[in-house]
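Summary of structural features
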Amino acid sequence: MELDFEVVDLPETDHVEEGDEAPDFTRPLVNDEYWEDVALSDLLNDGPVLLVFTPMDGAFPTTYIWNELRERGVEEYGVQIAGVSISTPYEHKTTIEERDIQDFVGLFSDPQNGVAEQYGISHDLDGMAGVSEPRPAVFLVAADGTVEYAWVAEEWPNFPDYDAVEDALVGL
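Quick caveat: nothing in here was measured; it's all calculated off a predicted structure.

Description of the sheet that holds strand S5 (residues 80-85)
With respect to topology, 7 strands assemble into an open sheet ordered S3-S2-S6-S5-S4-S9-S10, the strand pairing being mixed. Looking at which strands have only one partner, the edges of the open sheet turn out to be strand S3 (35-39) and strand S10 (147-152). Direction aside, neighbouring strands of the sheet carry axes that sit 25° apart on average. With 5 bridges connecting them, strand S9 (residues 137-141) and S10 associate as antiparallel partners. Along S10, the bridge assignment pairs phenylalanine 139 with alanine 150. Helix-sheet contacts for helix H3 (residues 89-98) involve strand S2 (26-30), S3, S5 and strand S6 (106-109), and the interaxial angle to S6 is about 160°.

Re the pattern of salt bridges
Under the defined criterion, the tally for this structure stands at 5 salt bridges. Between aspartate 163 and arginine 72 there is a salt bridge, with its nearest N and O atoms 2.9 Å apart. Of this pair, aspartate 163 sits in helix H5 (residues 162-171) while arginine 72 sits in helix H2 (residues 60-72), placing them 91 residues apart in sequence. Judged by its relative accessible area of 45%, aspartate 163 falls in the partly exposed class. We note a salt bridge from arginine 72 to glutamate 166, for which the minimum N-O separation is 2.4 Å. On the criterion of sequence distance, the pair formed by arginine 72 in helix H2 and glutamate 166 in helix H5 is long-range, its members being 94 residues apart. Taking the relative accessible area as the measure of exposure, glutamate 166 reaches 15% and is therefore buried.

Points about the nonpolar core
The biggest cluster of nonpolar side chains holds 24 residues, and the ones touching the most others in it are Leu51, Phe53, Phe108, Tyr119 and Phe139. Where this core is concerned, the elements lending two or more residues are helix H1 (40-44), strand S4 (49-53), S5, helix H4 (114-119), S9 and S10. Apart from the residues within four sequence positions on either side, tyrosine 119 is in contact with His15, Val16, Ala22, Pro23, Phe25, Leu40, Leu51, Phe53 and Phe139.

Definitions and limits used
- Residues numbered from 1 in each chain as written.
- Predicted model: local features only at pLDDT ≥ 70, side-chain atom pairs only at ≥ 80, totals over all residues.
- Heavy atoms only, no water.
- Pairing = 2+ DSSP bridges.
- Helix = DSSP H or I, 4+ residues; strand = E, 2+ residues; numbered from the N terminus.
- Axes fitted to C-alpha atoms, helices over the stretch in contact; angles between N-to-C directions.
- Contact = heavy atoms within 4.5 Å.
- Salt bridge = Lys/Arg side-chain N within 4 Å of Asp/Glu carboxyl O.
- Buried < 20%, exposed > 50% of the residue type's maximum accessible area, 1.4 Å probe, protein only.
- Core = buried A, V, L, I, M, F, W, Y, C linked by side-chain atoms within 4.5 Å.

Right under this line is the structure:
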């Protein structure tokens, strides 16, 4: 199967940076068994969180990002892995199963894309008035809420430097 797409530069964004306080939010957190409203701060009570923003479930960047993180075994670094996208809890349940990411803490469902707006990474979809999704981004948030590592896509498609993510996890 050949993918046919054009690389597009994304506009500059004033996103959350290393050293910033991570914006807190509450959204449905979906795992392989159920979902419930959970705040980021609740997760941070149990330790650091690798917060991974992806486009909607089923988009090829989302698939690649989750596959790569799973294959690298990032959950072995003792950090909670949580995703955020505009997909519904039902779509997240399918993604968790298909991507075999049951060891991650779960995927936050944010259909209105408000969390991405808080983090400064909202991306308006071309040709879809009023529809936005997060641009791919990774934030490593320490237990005290400080962002220790931040990566945000500057073009579409763009993927994290997974080695740099692992280095940040080791350094936490």
